[in-house]
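# Structure assessment
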Amino acid sequence: LKVDETRDLVRAFRTIFPKQTRPSSRSAFLLKGLSKVPRREIEDTLAKTDDLLQESTGPFFAGNSISCADIVWGPFLERYTAQLPVLYKDLDVRSYSHINTWLDAMDGLP
């Protein structure tokens, strides 16, 4: 993958994750002020992320090998996997097939 393509995948993070939220260490992109982000916005974020991963030729954002894009997206998607079911009943990040494949690929790294 070219540097420009990887850079675009990193930049996509800013356009996909909910607006007017903070990337805090405890509740990254989950709160707007003191209120949780509406479920619909979270579902849109997950759907767009899943679509972005579907465009890849492998399980990672940039294909069959981990890239800077995976390093940028990783902490937030992994945190969403743990935190979203607590905030939103029946919202399972792993139900998005390409995100699920990505999570499995990340878990399989040494």
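What counts, and at which threshold
- Residues numbered from 1 in each chain as written.
- Predicted model: local features only at pLDDT ≥ 70, side-chain atom pairs only at ≥ 80, totals over all residues.
- Heavy atoms only, no water.
- pLDDT = per-residue confidence, 0-100.
- Helix = DSSP H or I, 4+ residues; strand = E, 2+ residues; numbered from the N terminus.
- Core = buried A, V, L, I, M, F, W, Y, C linked by side-chain atoms within 4.5 Å.
- Buried < 20%, exposed > 50% of the residue type's maximum accessible area, 1.4 Å probe, protein only.
- Contact = heavy atoms within 4.5 Å.
- Phe/Tyr/Trp six-rings, centres within 6.5 Å; stacked < 30°, edge-to-face > 60°.
- Lys NZ or Arg CZ within 6 Å of the ring centre and 35° of its normal.
- Expected span 1.5 Å × (residues − 1).
- Axes fitted to C-alpha atoms, helices over the stretch in contact; angles between N-to-C directions.
- Parallel < 35°, antiparallel > 145°, perpendicular 65-115°, else oblique.
- Nonpolar A, V, L, I, M, F, W, Y, C, P; charged D, E, K, R; others polar.
- Bend = angle between axes of the 7 residues up to and from the residue.

In this section: the confidence of the model for the protein chain. Low pLDDT means the predicted coordinates in that region are not meant to be read closely. For the protein chain, per-residue confidence averages 90 on the pLDDT scale, and 95% of positions sit at 70 or higher. Confidence, expressed as mean pLDDT per element, reaches its minimum in the protein chain at strand S1 (residues 31–32) with 82 and its maximum at helix H4 (residues 97–107) with 98.

On to the nonpolar core. Judged by nonpolar contacts, the single largest core of 31 residues is most densely connected at Ile42, Leu46, Phe61, Trp73, Tyr80 and Leu84. For this core, the secondary structure elements donating two or more residues are helix H1 (3–16), helix H2 (39–54), helix H3 (68–87) and H4. Apart from the residues within four sequence positions on either side, Ile42 is in contact with Pro18, Phe29, Leu30, Val37, Tyr80, Leu84, Tyr88 and Leu91.

The next subject is the packing of aromatic side chains. Counted under the stated rule, the structure contains eight aromatic pairs. The rings of Phe13, Phe17, Phe61, Trp73, Phe76, Tyr80 and Trp102 are connected pair by pair, giving a single aromatic cluster. It is Lys36 that lies over the ring of Tyr88; its NZ or CZ is 4.7 Å from the centre.

Summarising the element assignment, Asp104 is placed in helix H4. C-alpha separation for the pair Asp104 and Gln20, spaced 84 residues apart in sequence, amounts to 30 Å.

We now examine H1. Along its 14 residues, H1 runs 20 Å from first to last C-alpha, staying within 8% of the 20 Å computed at 1.5 Å per residue. Among the residues making up H1, those that are buried are Thr6, Leu9, Ala12, Phe13 and Ile16.

This part covers the environment of Leu30. Here Leu30 shows up in the loop between H1 and S1. When near neighbours in sequence (up to four residues on either side) are disregarded, Leu30 contacts Ser35, Lys36, Val37, Ile42, Tyr80, Gln83, Leu84, Leu87 and Tyr88.

Attention shifts here to the packing of H3 against H4. A pair of packed helices can be characterised by two numbers: the angle between their axes and the separation between those axes. Contact pair H3 / H4: the axes reach a minimum separation of 11 Å and the direction vectors enclose 110°. In terms of orientation, H3 and H4 fall into the roughly perpendicular class. Residues Asp70, Trp73, Gly74, Leu77, Glu78 and Thr81 of H3 lie in contact with H4, whose contacting residues are Trp102, Leu103 and Met106. Residue composition of the contact of H3 with H4, grouped by class: five nonpolar, two polar and two charged.

Its 20 residues give H3 an end-to-end C-alpha distance of 29 Å, which sits within 8% of 28 Å, the value for a rise of 1.5 Å per residue. At Gly74, H3 shows its largest bend, some 40°, and a proline, Pro75, comes one to four positions later. Among the residues of H3, Ala69, Asp70, Trp73, Gly74, Phe76, Leu77, Tyr80 and Leu84 are the ones counted as buried. On the buried face of H3, the contacting elements are H1, H2 and H4.

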